[in-house]
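Take a look at the letters that make up each chain.
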Amino acid sequence: MKKDLHTLEDFIANIHKLGYYLIEYSGVKVPCLLVESSLFETVMKVSYGKSNLIDTNLNIFDDGSHVFVNLNVNFLKSNLDFDFLLYANETIDFFESLAASGMLGIAPHETSGSNVFFVQLPKKEAAERALDLIRSKLK
């Protein structure tokens, strides 16, 4: 995500364009971000067979009617650090599933569920608080 966002147009231009879907995992819906194949391959190469320490942060931006959430995924034992900007007005189900499951999936956009890298959120309560804040701003 471009770091210097100043206008509504800047935010809209930087929304994560590949989208997401909800996947059923152990009886709960988990949000799964779709990414470029090369990004997914990088995540798998860095992570496969290794213990991972992954931090996630949700930064919420709003102007009174539009709510954007920057989801940062940081692989602490490597130099991988990704930002995904979501338009919460249209993706509330993503944040509801994130808060309920405490998990995030990452998958290449060319597939639909066959290759998914799952991240367990280190702070599920933070996702729950973020959902409450997002809902309050969408009213």
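Sorry if this is basic, but what is going on with the packing of helix α3 (residues 92-101) against helix α4 (residues 124-138) here?
In a pair of packed helices, the angle between the axes and the distance between the axes together describe the arrangement. Between α3 and α4, the shortest axis-to-axis distance is 8 Å and the interhelical angle comes to 150 degrees. Overall, the two elements α3 and α4 adopt an arrangement that is roughly antiparallel. For the element pair α3 and α4, the recorded crossing hand is left-handed. Across the interface between the two elements, I92, F95, E96, L98, A99, A100 and S101 from α3 touch K124, A127, E128, L131, I134, R135 and L138 from α4. Of the residues assigned to the contact of α3 with α4, the class counts are nine nonpolar, one polar and four charged.

Just to check I follow, could you spell out α4 for this structure?
The α-helix winds at 3.6 residues per turn, so residues separated by three or four positions along the chain end up facing the same way. If you check α4, its first and last C-alpha atoms are 21 Å apart, about what 15 residues at 1.5 Å a residue would give, namely 21 Å. The complete set of buried residues in α4 reads A127, A130, L131 and I134. Seen from one end, α4 has its buried residues packed into an arc of 105 degrees, which puts them on one side. Tucked inside the fold, the buried residues of α4 contact β3 (54-62), β4 (67-75) and α3.

Could you clarify how one ought to interpret the sheet that holds strand β1 (residues 20-25) in this entry?
Backbone hydrogen bonds are what pair the strands of a sheet, in a parallel or an antiparallel way. Ordered in space as β1-β2-β6-β7, the four strands form an open sheet in which the pairing is mixed. A single partner strand is all that each edge strand has here, and the edge strands are β1 and β7 (117-120). Within the sheet, the average angular offset between the axes of one strand and its neighbour, ignoring direction, is 35 degrees. Sheet topology note: the strand β6 (residues 103-108)/β7 ladder contains four bridges and is antiparallel. Its bridge partner lying in β7, G105 is registered against F118.

Before we go on, may I ask you to explain the pairing of β6 in this structure?
In regular strands, side chains alternate between the two faces of the sheet. Buried residues dominate β6, accounting for six of its six residues. The alternating pattern of β6 places M103, G105 and A107 on one face and L104, I106 and P108 on the opposite face, and all of these are buried.

What is the right way to look at unusual backbone geometry in this model?
Both trends apply: most residues other than glycine have a negative phi, and most peptide bonds are in trans. Look at S26: it is not a glycine, yet its phi comes out positive at around 50 degrees. Within the secondary structure layout, S26 lies in the loop between β1 and β2 (28-35). Judged by its relative accessible area of 67%, S26 is exposed.

What am I meant to see in the packing of aromatic side chains here?
The geometry of an aromatic ring pair comes down to the distance between the two centres and the angle between the two planes. Per the stated rule, a full pass over the model turns up nine aromatic pairs. On the numbers, 5.0 Å between centres and 40 degrees between planes, the contact of F68 with Y87 is tilted. You can see F68 sitting in strand β4 and its partner Y87 sitting in strand β5 (residues 80-87), a full 19 residues away along the chain. A relative accessible area of 3% means that F68 is categorised as buried. A relative accessible area of 15% places Y87 in the buried class. Among the aromatic residues, those joined into a cluster by ring pairs are F11, F61, F68 and Y87.

So what exactly am I meant to see when it comes to the sheet that holds β4 here?
Pairing in this open sheet of three strands is antiparallel, and the strands run β3-β4-β5 from one edge to the other. Only two strands of the sheet have a single neighbouring strand rather than two, namely β3 and β5. On average, each strand axis in the sheet is inclined to that of its neighbour by 15 degrees, with strand direction left out of account. Pairing of β4 with β5 involves eight bridges; the strand directions are antiparallel. Bridging across to β5, F75 finds its partner in L80. Here helix α2 (residues 37-47) sits on the sheet in contact with β4 and β5, set at roughly 140 degrees to β5.

Each value, and the rule that gives it
- Residues numbered from 1 in each chain as written.
- Predicted model: local features only at pLDDT ≥ 70, side-chain atom pairs only at ≥ 80, totals over all residues.
- Heavy atoms only, no water.
- Axes fitted to C-alpha atoms, helices over the stretch in contact; angles between N-to-C directions.
- Helix = DSSP H or I, 4+ residues; strand = E, 2+ residues; numbered from the N terminus.
- Parallel < 35°, antiparallel > 145°, perpendicular 65-115°, else oblique.
- Left-handed = near helix turned anticlockwise from the far one by under 90°.
- Contact = heavy atoms within 4.5 Å.
- Nonpolar A, V, L, I, M, F, W, Y, C, P; charged D, E, K, R; others polar.
- Expected span 1.5 Å × (residues − 1).
- Buried < 20%, exposed > 50% of the residue type's maximum accessible area, 1.4 Å probe, protein only.
- Arc of directions from axis to C-beta.
- Pairing = 2+ DSSP bridges.
- Phe/Tyr/Trp six-rings, centres within 6.5 Å; stacked < 30°, edge-to-face > 60°.

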